[in-house]
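The chain contents come next:
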Amino acid sequence: MHNGRAANSPDASSSVAYPQQDFALSIDRCSDIVTHTFDIRAAMVLRHNIEELYVKLDMIINGKTVLTYSETLCKPGHYKLIFCGKKKGEQLYYEGPVTLGLKEIPQGDYTLSAKLTNQDHVIVACADFTVKNNLDYY
């Protein structure tokens, strides 16, 4: 398993864990992650074809799963994302702004766990994005 620190500041930190995949992520201006727009760059080389793609997301707060969400992102003839239909060996790349649009995040540990599987039920990518907020707003 690869683990990487995506950003760090005295009051908040984020990290990404991504097993079984060649994946790169960088985040600019870590201190702005919670309340502002920040720029990211993400890239990976596909180890499997994406004809169909399914995502499962889990939101974990202080060690407890509070939300689970799943959706079909790609199916033949109905592609929601530009990388639908990509083949093994092709590179996926995204660079641009991300806005969480939150006023504040209470103190605690927050993890968004994502798993993407293809038409063969093979995990195409998975990652855990964790933000630890040490600030007390009250």
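Residues numbered from 1 in each chain as written. Predicted model: local features only at pLDDT ≥ 70, side-chain atom pairs only at ≥ 80, totals over all residues. Heavy atoms only, no water.

1. Remarks on the overall build of the protein
Move 1: A count of helical and extended segments in the protein gives zero helices and 10 strands.
Move 2: Secondary structure elements of the protein occur, N-terminal to C-terminal, as β-β-β-β-β-β-β-β-β-β.
Move 3: For the protein, the residues scored as buried account for 31% of the 138 residues in total.
Move 4: Within the protein, contacts between residues at least 6 apart in sequence are counted, and of these 56% link residues at least 24 apart.
Move 5: Accessible surface, the protein as shown: approximately 8500 Å² in total, 53% of it carbon and sulfur. (Helix = DSSP H or I, 4+ residues; strand = E, 2+ residues; numbered from the N terminus. Buried < 20%, exposed > 50% of the residue type's maximum accessible area, 1.4 Å probe, protein only. Contact = heavy atoms within 4.5 Å. Areas by Shrake-Rupley, 256 points an atom, 1.4 Å probe, with all protein chains shown as cover.)

2. A closer look at the pattern of salt bridges
Move 1: For the structure shown, the criterion picks out two salt bridges.
Move 2: The partner of K86 in a salt bridge is E90, with the nearest N and O atoms 3.9 Å apart.
Move 3: A residue is classified by how much of its surface remains accessible, and E90, at 31% relative accessible area, is partly exposed. (Salt bridge = Lys/Arg side-chain N within 4 Å of Asp/Glu carboxyl O.)

3. Regarding the nonpolar core
Move 1: Membership of the largest hydrophobic core is limited to 11 residues, which are M44, L46, I50, L53, V55, L73, C74, C84, L92, V124 and A125.
Move 2: Those elements that provide at least two residues to this core are β5 (53–61), β6 (64–75) and β10 (123–133). (Core = buried A, V, L, I, M, F, W, Y, C linked by side-chain atoms within 4.5 Å.)

4. Comments concerning the state of the cysteines
Move 1: This model, assessed by the stated rule, comprises one disulfide.
Move 2: With a sulfur-sulfur separation of 1.8 Å, C74 is cross-linked through a disulfide to C84. When the S-S torsion is -70 degrees, as for the bridge of C74 with C84, the disulfide is left-handed. Of this pair, C74 sits in strand β6 while C84 sits in the loop between β7 (78–79) and β8 (91–99), and the two are 10 residues apart along the sequence. (Disulfide = S-S within 2.5 Å.)

5. Description of the pairing of strand β9 (residues 108–118)
Move 1: Strand direction decides the pairing type here: β5 and β9, joined by nine bridges, are antiparallel. Residue I60 lies in a different strand from β9, and its bridge partner there is T111.
Move 2: Strand direction decides the pairing type here: β9 and β10, joined by 10 bridges, are antiparallel. Bridge pairing in β10 links Y110 to V131.
Move 3: The antiparallel hairpin formed by β9 and β10 contains four residues in its connecting segment, where H121 sits at a positive phi of about 65 degrees. (Pairing = 2+ DSSP bridges.)

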